[in-house]
Amino acid sequence: MWASQRTWSNESIGFLNIDSSSYMNTIANLITRDGIASNSSCFKNMFFKRNFPKSDQEEYELVTSAFTLFELPDRASRFQHLSLLWNKLKKDGYLVLVENGNKNGFNLINEAREFFLKEIFNPKKITNRAEIDNGHIFSPCPHSQTCPLVTENLVCRFFVRFKPLKVYDWGKTNDTNKEFPYSYIVLKKSPLPEKKIWPRLVYRQPLNIQGGIIHSWLCTEDGNVEHLVASKNRNKTSRSLLRYSKLGDSLPIHLDNKK
């Protein structure tokens with residue numbers, strides 16, 4: 001919610017938070033009030049519910065499901081959950097799925113990815129002609145083929161930096177920022193646009209600035225992961241770009257000749 005408010009800064013934006021646990025809803029509500037129930041919330045249009053609205057007419061521009069798939073008991077319940085989320089999206093809306101950036105979390109994200117590609121976006125599965133091409137992968141994947149990292153038994157994950165809360169006083173002052181790994185996918189309820197899709201940086205070895213060599217792996221629109229080696233004497237332009245890029249960035253690099 002904080003990210004949405006900072007991004008759009010529109011007082012008319014409303015937030016509907018859903019958790020089956022009333023205790024979690026209570027805690028989340030308290031956080032927006034600085035821990036004091038009598039305080040005003042920092043969000044004007046905010047609501048908490050334990051279940052999704054039953055009305056099919058209630059649709060949203062942005063639906064986010066974070067660390068939820070892992071809590072569901074089996075594949076069938078996960079697919080049912082994903083279908084419900086998708087049906088709550090408005091046209092041109094975005095569905096964001098986030099899980100832990102470990103092997104299990106990534107497997108759940110990839111399972112959801114395959115479900116949408118084979119069941120939701122597949123014209124053979126659609127009976128209503130108007131729904132064909134009704135969605136596509138917005139990010140991080142620049143393609144709709146099988147994930148190449150899965151075939152290599154690797155994890156597609158990214159990192160967010162944070163500073164741990166000083167909840168406990170253990171006699172040590174630790175102001176060091178930490179990194180949290182996460183896997184995600186964003187799906188958009190609109191046809192796939194016909195435009196050039198640049199490769200996305202999905203893995204990079206620690207920067208060897210002294211030697212001037214940067215090893216990076218980029219996911220491409222043809223469904224492959226390309227290993228790019230850039231140094232001071234080779235691919236100078238690419239090296240400068242890669243040096244200041246972050247994991248997940250789309251890079252304007254043509255990989256046909258690795259230049």
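Scroll up for the structure.
Fair warning: this is a prediction, and the values are worked out from it, not measured in the lab. (Residues numbered from 1 in each chain as written. Predicted model: local features only at pLDDT ≥ 70, side-chain atom pairs only at ≥ 80, totals over all residues. Heavy atoms only, no water.)

Q: Explain the packing of aromatic side chains residue by residue, including any values.
A: Applying the stated criterion across every chain, the model contains 13 aromatic pairs. When the centroid spacing of 5.1 Å and the interplanar angle of 80° are considered together, the rings of tyrosine 94 and phenylalanine 138 count as edge-to-face. With tyrosine 94 in strand β4 (residues 89–100) and phenylalanine 138 in strand β5 (residues 136–139), this pair connects stretches of sequence that are 44 residues apart. The class of tyrosine 94 is partly exposed, set by a relative accessible area of 27%. Look at phenylalanine 138 and you get partly exposed, because its relative accessible area is 41%. Relative to phenylalanine 121, the ring of phenylalanine 116 has its centre 5.8 Å away and its plane inclined at 35°; by these criteria the two rings are tilted. In this structure an aromatic cluster arises from ring pairing among Phe79, Trp86, Phe115, Phe116 and Phe121. (Phe/Tyr/Trp six-rings, centres within 6.5 Å; stacked < 30°, edge-to-face > 60°. Helix = DSSP H or I, 4+ residues; strand = E, 2+ residues; numbered from the N terminus. Buried < 20%, exposed > 50% of the residue type's maximum accessible area, 1.4 Å probe, protein only.)

Q: I'd like to hear about the pattern of salt bridges, residue by residue, with values.
A: Counted according to the given criterion, the structure contains five salt bridges. Notably, a salt bridge pairs arginine 78 with glutamate 111, separated by 2.6 Å at the nearest N-O pair. Note that arginine 78 is positioned in helix α3 (residues 75–87) and glutamate 111 in helix α4 (residues 103–120), a separation of 33 residues in sequence. Residues arginine 78 and glutamate 111 agree in their burial class; the two are buried. The closest approach of N and O atoms between glutamate 114 and arginine 113, which form a salt bridge, is 3.5 Å. Take arginine 113: its relative accessible area is 3%, and that puts it in the buried class. Residues joined in a network through salt bridges with shared partners are Arg75, Arg78 and Glu111. (Salt bridge = Lys/Arg side-chain N within 4 Å of Asp/Glu carboxyl O.)

Q: Residues and numbers for the nonpolar core, please.
A: Counting 20 residues, the largest nonpolar core has Leu82, Trp86, Leu95, Leu97, Phe116, Phe121 and Leu187 as its most contacted members. Listed by contribution, the elements that provide at least two residues to this core are α3, β4, α4 and β7 (178–188). When residues in this core are grouped by element, the largest group, seven residues, is from α4. Discounting residues that sit within four places of it in the chain, leucine 187 has contacts with Trp86, Gly93, Tyr94, Leu95, Leu97, Phe116, Phe121, His136, Ile137 and Phe138. (Core = buried A, V, L, I, M, F, W, Y, C linked by side-chain atoms within 4.5 Å. Contact = heavy atoms within 4.5 Å.)

Q: Quick one: what's the story with the sheet that holds strand β10 (residues 225–230), residue by residue and with numbers?
A: One open sheet accounts for three strands, arranged β8-β9-β10; its pairing is antiparallel. Pairing within the sheet leaves two strands with one partner each, and these edge strands are β8 (200–204) and β10. Strand-to-strand twist in this sheet, taken as the mean axis angle between neighbours without regard to direction, amounts to 35°. Bridge analysis of β8 against strand β9 (residues 214–219) gives four bridges, and the strand direction is antiparallel. By the bridge assignment for β9, leucine 201 is matched with leucine 218. The strands that helix α6 (residues 236–243) touches are β8, β9 and β10; relative to β10, the one it contacts most, it runs at about 105°. (Pairing = 2+ DSSP bridges. Axes fitted to C-alpha atoms, helices over the stretch in contact; angles between N-to-C directions.)

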